[in-house]
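Chain by chain, the residues run as shown.
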Amino acid sequence: MDYNAARSRAREAEASLSLSEPVSLASIQTHLEGQRGRKIVIKPIEGATDKVCGLWFGLDHLDLIMHARAASEVHRQQIVLHEFAHMILRHEQDTVSAEYAGAFFPD
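Everything numeric here is computed off the predicted structure, so don't read it as measured data.

A closer look at the overall build of the protein chain
Point 1. Helix and strand content of the protein chain: 4 helices and 3 strands.
Point 2. Within the protein chain, the fraction of its 107 residues that count as buried is 21%.
Point 3. Within the protein chain, residue pairs in contact and separated by at least 24 positions form 45% of the contacts whose partners lie at least 6 positions apart.
Point 4. When the accessible surface of the protein chain is summed, it comes to about 7800 Å², and 54% of that surface belongs to carbon and sulfur atoms.

Structure (structure tokens):
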């Protein structure tokens, strides 16, 4: 991995956010919702194992972030911000069928 290129890309992505002070989890969420044109829903994963901290699902009508129950609010925010970073950096997502997703999240 080219860390200099990754760092440069992250700095460019941060600069493109143009967030106004004070920056918070809520202000980043609001900004991303406007930028992406859809609501972001953040929910805990019930019964999560230690193998999963957070998941981001880009659905047709919303972005869903699921997170493991965290030991503190700061840790929960870290998990959610990590998923926001995937959105900001425009990381690719795998497309899965509704049936496949339903096997993991029946409700």
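So that's the structure; there's more coming.
A few points about helix α3 (residues 73-88)
Point 1. Over its 16 residues, α3 extends 22 Å from the first C-alpha to the last, a length consistent with the 22 Å expected when each residue adds 1.5 Å.
Point 2. Taken together, the buried positions of α3 are I79, V80, E83, F84 and M87. When α3 is viewed along its axis, its buried side chains cluster within an angular range of 140° and face the same direction. Exposed residues on α3 whose side chains face more than 90 degrees from its buried face are V74 and Q78.
Point 3. As for α3, its buried residues are in contact with α2 (25-36), β1 (39-44), β2 (54-58) and β3 (62-67).
Point 4. Where α3 ends, the next residue or the one after it, R90, has phi of about 55°, a positive value.

Some details on helix α1 (residues 3-17)
A turn of α-helix holds 3.6 residues, and therefore any two residues three or four places apart point the same way.
Point 1. Across its 15 residues, α1 extends 21 Å between first and last C-alpha, which sits within 8% of the 21 Å expected from 1.5 Å per residue.
Point 2. For α1, the capping residue at the N-terminal end is D2, with a side-chain oxygen 3.2 Å from the backbone nitrogen of N4.
Point 3. S18, located one to two residues past α1, shows a positive phi value of around 50°.

What to know about the sheet that holds β3
Point 1. Strand order in this open sheet of 3 strands is β1-β3-β2, and the pairing throughout is mixed. In this open sheet, the two edge strands, each paired with only one partner strand, are β1 and β2. The average angle at which neighbouring strand axes cross in this sheet is 15°, direction not considered.
Point 2. Where β1 meets β3, 6 bridges bridge the pair, whose relative direction is parallel. Bridged to I42 within β3 is I65.
Point 3. Contacts from α2 reach β1, β2 and β3 within the one sheet, and its direction differs from that of β1 by about 135°.
Point 4. Docked against the sheet, α3 engages β1, β2 and β3, running at close to 145° with respect to β3.

Looking at the packing of α2 against α3
Think of two packed helices as two axes; the pair is described by the angle between the axes and how far apart they sit.
Point 1. Relative orientation of the contacting elements α2 and α3 amounts to 25°, with a least axis distance of 11 Å. Between α2 and α3, the angle falls in the class roughly parallel. Between α2 and α3 the crossing geometry is left-handed. Contact residues: α2 offers L25, I28, Q29, L32 and R36, while α3 offers R76, Q77, V80, L81, F84, M87 and I88.
Point 2. Along the lines of polarity and charge, the residues of the contact of α2 with α3 split into 8 nonpolar, 2 polar and 2 charged.

What counts and how
- Here the residue index of a chain counts from 1 through its sequence in written order.
- Owing to the predicted nature of the model, reporting of local features is limited to residues with pLDDT of at least 70; listing and counting of side-chain atom pairs is limited to 80 or more, with chain, interface and lining totals taken over all residues.
- Each side-chain value is worked out from all heavy atoms of the structure, with water and hydrogens disregarded.
- Strands are runs of DSSP state E lasting at least two residues, helices are runs of H or I lasting at least four, and both sets are numbered from the N terminus onward.
- Only protein chains enter the calculation, and the probe is 1.4 Å; a residue is then buried if its accessible area is under 20% of its type maximum, exposed if over 50%, and partly exposed in between.
- In this analysis, two residues are considered to be in contact whenever any of their non-hydrogen atoms come within 4.5 Å of each other.
- For the accessible areas, the method is Shrake-Rupley and the probe is 1.4 Å, while residue cover comes only from the protein chains on display.
- Any helix carries an expected span of 1.5 Å times its number of residues minus one.
- The directions from the helix axis to the C-beta atoms form the arc being described.
- Throughout this description, a polar contact denotes any pair of N or O atoms lying within 3.5 Å of each other; where both atoms belong to protein, one of them has to be capable of donating a hydrogen while the other can accept it, and for residues adjacent in sequence the pair is counted only when both atoms sit in side chains.
- Whether two strands pair depends on DSSP finding at least two bridges between them.
- The axes used here are C-alpha line fits, helices contributing only the stretch in contact, and every angle between their N-to-C directions lies in the interval 0 to 180 degrees.
- In these notes the angle categories are as follows: under 35 degrees is roughly parallel, over 145 is roughly antiparallel, 65 to 115 is roughly perpendicular, and the rest is oblique.
- The hand of a helix crossing depends on one turn: near helix anticlockwise from the far one by less than a right angle means left-handed, and clockwise means right-handed.
- The classification used treats Ala, Val, Leu, Ile, Met, Phe, Trp, Tyr, Cys and Pro as nonpolar, Asp, Glu, Lys and Arg as charged, and all other residues, Gly among them, as polar.

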